[in-house]
Amino acid sequence: MTTKVYDAVIIGAGSVGLPTAFFMAEAGLEPLVIDQFASPGQGSNKAAIGGIRATHSARSKIHLCLRSLEVFSSWGEAYGDEIEWYRGGYSFVAYREREERALKELLNTQHGFGLDIRWLDGDELLEVIPALNPDGLIGGTYSPRDGSASPLLSAHAFYARAKERGARFHFGERVTGVICRRGKIVGIRTDRGGYATETVINAAGPWARQVAEMAGLSVSVTPDSHEAGITEPVQRFVEPMIVDLRPYQGSKNYYFYQQSTGAVVFCITPEPPIVGTDRRETSDFLPMIAPRMVGLMPKLANIRVRRTWRGLYPMTPDGFPIVGRSRELEGYVLAVGMCGQGFMLGPGVGSLLSRMVRDDLTSADEETLRELSPYREFGGEEKLK
Ligand SMILES: Cc1cc2nc3c(=O)[nH]c(=O)nc-3n(C[C@H](O)[C@H](O)[C@H](O)COP(=O)(O)OP(=O)(O)OC[C@H]3O[C@@H](n4cnc5c(N)ncnc54)[C@H](O)[C@@H]3O)c2cc1C
């Protein structure tokens, strides 16, 4: 083990690990980030399509994502990096009473948190999204403050700025275990050696369960496969991210938006889930999603798809992330189980973890940590996964 003692070792240079390293380094700490892959963001981060919203149904996620929105929307100006931030908003559309009811019910909770989200009837929604199929459209929610950014450009920006501020990064190195003395973390072991630290942050995404097991801990994170795709860039014709919650054979909801580059990116939630770590794209995905997208927005029939890919959601039993200190092993912190929202949660979680390591938590942080505790009852279910 090296003699240098890092303020924290972060396992995973992904959607969570990178902003965490940035906020720690900005606060004057020296974290070491270790990732098994060759460069930043090569796990689930690069598979995300880039949606960022604060319009959730739980206080913890709203709190974290409001912070994330602040970070993403001001990044270009603050640090000069192009991350393709675009404030196009989000819209959950309703063509059936079932979705209309569910979305309207949620609005009460969301208004309680002061979120800028409203219900638009069919005609009003068509003014915001003229390309929607008007047949049977009841209406939908519209939250103009939400937006999108490029996951890979953001990952690189967090990486570059963290490094500039003194964070250390080791790529192509696998964490294999922790080193403990009298029930406390004193270091971490990898396939290349060992590093001294009293704080280890498990931000290993879909691999979080195995990484926790290396420390003798158990955490309920199960990866499942999701596919996505991107089209050629075209002139802007749609502003918000559109989410269609109606299930169909083989899938639940799907969502898509037009990036700041003009390309349309899209993905679908398979039903039943495809559990496992298979990241090979399939020929089933496009025939499944294309008719649904064209049905919702007929003019998409003329756009050409350039590429599809497959990535992993790190899922938890209730659809909420798991963030907090281990009670069994002093110095071990979990920041895992981000499900389908780790990109948008990343900066919020990262700044919270930086405060946690510095013993500088706010009362809102404490509340968030209670909701996302590794020791909560996993009985509830997130309404807008
Ligand atoms: C198709 C698709 C679309 C998505 N769209 C969105 C979206 O629009 N918005 C959104 O917010 N989220 C989206 N997501 C979800 C998002 O990608 C994930 O929630 C997020 O990337 C998880 O972040 P993470 O940091 O936990 O994991 P990752 O980003 O996977 O980072 C974990 C890192 O840990 C490293 N690691 C693991 N084990 C070890 C080890 N033993 N040693 C060293 N390194 C290790 C991995 O190499 C990896 O780089 C999408 C996901 C998919 C698949």
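This write-up is about the structure you can find in this document. (Residues numbered from 1 in each chain as written. Predicted model: local features only at pLDDT ≥ 70, side-chain atom pairs only at ≥ 80, totals over all residues. Heavy atoms only, no water.)

Before going further, it helps to examine the overall build of the protein chain. Helices and strands together make up the secondary structure of the protein chain, namely 9 helices and 20 strands. Overall size of the protein chain, expressed as C-alpha extent along the three principal axes, is 65 × 40 × 40 Å. Per-residue burial over the protein chain gives 58% buried out of 385 residues. Look at the contacts in the protein chain between residues 6 or more apart in sequence, and 73% of them connect residues 24 or more apart. A total of about 16200 Å² of accessible surface is found on the protein chain, and carbon and sulfur atoms cover 47% of it. Distance from the positive charge centre (43 side chains) to the negative charge centre (46 side chains) of the protein chain: 4 Å. (Helix = DSSP H or I, 4+ residues; strand = E, 2+ residues; numbered from the N terminus. Buried < 20%, exposed > 50% of the residue type's maximum accessible area, 1.4 Å probe, protein only. Contact = heavy atoms within 4.5 Å. Areas by Shrake-Rupley, 256 points an atom, 1.4 Å probe, with all protein chains shown as cover. Lys, Arg positive; Asp, Glu negative; His and termini not counted. Charge placed at Lys NZ, Arg CZ, Asp CG, Glu CD.)

Taken together, 41 residues form the shell around the ligand, and within it S15, D35, S44, C339 and M344 come nearest. The separation between an oxygen atom of the ligand and a polar main-chain atom of V16 is 2.9 Å. Q341 is positioned such that a nitrogen or oxygen atom in its backbone is 3.3 Å from an oxygen atom of the ligand. Against a free-state accessible area of 1000 Å², the protein chains account for coverage of 100% of the ligand. Ranked by residue count, the leading element in the shell around the ligand is strand β18 (residues 305-315), at 4 residues. Its residues assigned to classes, the shell around the ligand shows 23 nonpolar, 15 polar and 3 charged. (Near = heavy atom within 4 Å. Polar contact = N/O pair within 3.5 Å; in protein donor to acceptor, adjacent residues only side chain to side chain. Nonpolar A, V, L, I, M, F, W, Y, C, P; charged D, E, K, R; others polar.)

Here we take up the nonpolar core. Core analysis: the largest hydrophobic core is formed by 71 residues, its most contacted members being I49, F169, V349 and L353. Once residues within four sequence positions are removed from consideration, L353 is found in contact with T20, M24, I201, V323, V333 and A335. (Core = buried A, V, L, I, M, F, W, Y, C linked by side-chain atoms within 4.5 Å.)

Before going further, it helps to examine a negative patch on the surface. The grouping of D121, D123, E124 and E127 at the surface amounts to a negative patch. For the negative patch, the element with the highest residue contribution is helix α4 (residues 122-128), accounting for 3 residues. Mapping D121 onto the fold places it in strand β6 (residues 118-121). Residue class for D121 comes out partly exposed when judged on its relative accessible area of 42%. (Patch = residues over 30% accessible without salt bridge, like charges linked within 9 Å, V, L, I, M, F, W, Y side chains within 5 Å. Salt bridge = Lys/Arg side-chain N within 4 Å of Asp/Glu carboxyl O.)

Where burial is concerned, most of strand β16 (residues 251-258) is hidden: 7 out of the 8 residues are buried. One ladder, built from 3 bridges, connects strand β15 (residues 241-244) with β16; its direction is antiparallel. What sits directly across from V243, in β16, is Y255. Between β15 and β16, which pair antiparallel in sequence order, lie 6 residues; one of them, G250, sits at a positive phi of approximately 90°. As paired elements, β16 and strand β17 (residues 263-270) share 6 bridges and run antiparallel to each other. If you follow Y254 over to β17, its bridge partner there is I268. Where β16 folds back on β17, the antiparallel hairpin that results is connected by 4 residues, among which G262 adopts a positive phi of roughly 100°. (Pairing = 2+ DSSP bridges.)

Quick look at the packing of helix α8 (residues 342-357) against helix α9 (residues 363-371) now. To describe two helices that pack against each other, one gives the angle between their axes and the distance between the axes. The geometry of α8 relative to α9 is characterised by a closest axis approach of 11 Å and an angle of 105° between their N-to-C directions. Accordingly, the angle class assigned to the pair α8 and α9 is roughly perpendicular. From α8, L352, R355 and M356 reach across to α9, where they touch D365, T368 and L369. A breakdown of the residues in the contact of α8 with α9 according to their chemical character gives 3 nonpolar, 1 polar and 2 charged. (Axes fitted to C-alpha atoms, helices over the stretch in contact; angles between N-to-C directions. Parallel < 35°, antiparallel > 145°, perpendicular 65-115°, else oblique.)

Once that is clear, we can look at helix α3 (residues 97-112). With 16 residues, α3 extends 23 Å from end C-alpha to end C-alpha; this agrees with the ideal 22 Å at 1.5 Å per step. E99, E100, L103, L106, L107 and Q110 are the residues of α3 that are buried. Viewed along the axis of α3, the buried residues span an arc of 140°, placing them on a single side of the element. Of the exposed residues in α3, those oriented more than 90 degrees away from the buried face are E97, R98, E105, N108 and G112. On its buried face, α3 sits against β5 (90-94), β6 and β7 (139-142). (Expected span 1.5 Å × (residues − 1). Arc of directions from axis to C-beta.)

Just distances and angles here, no functional claims.
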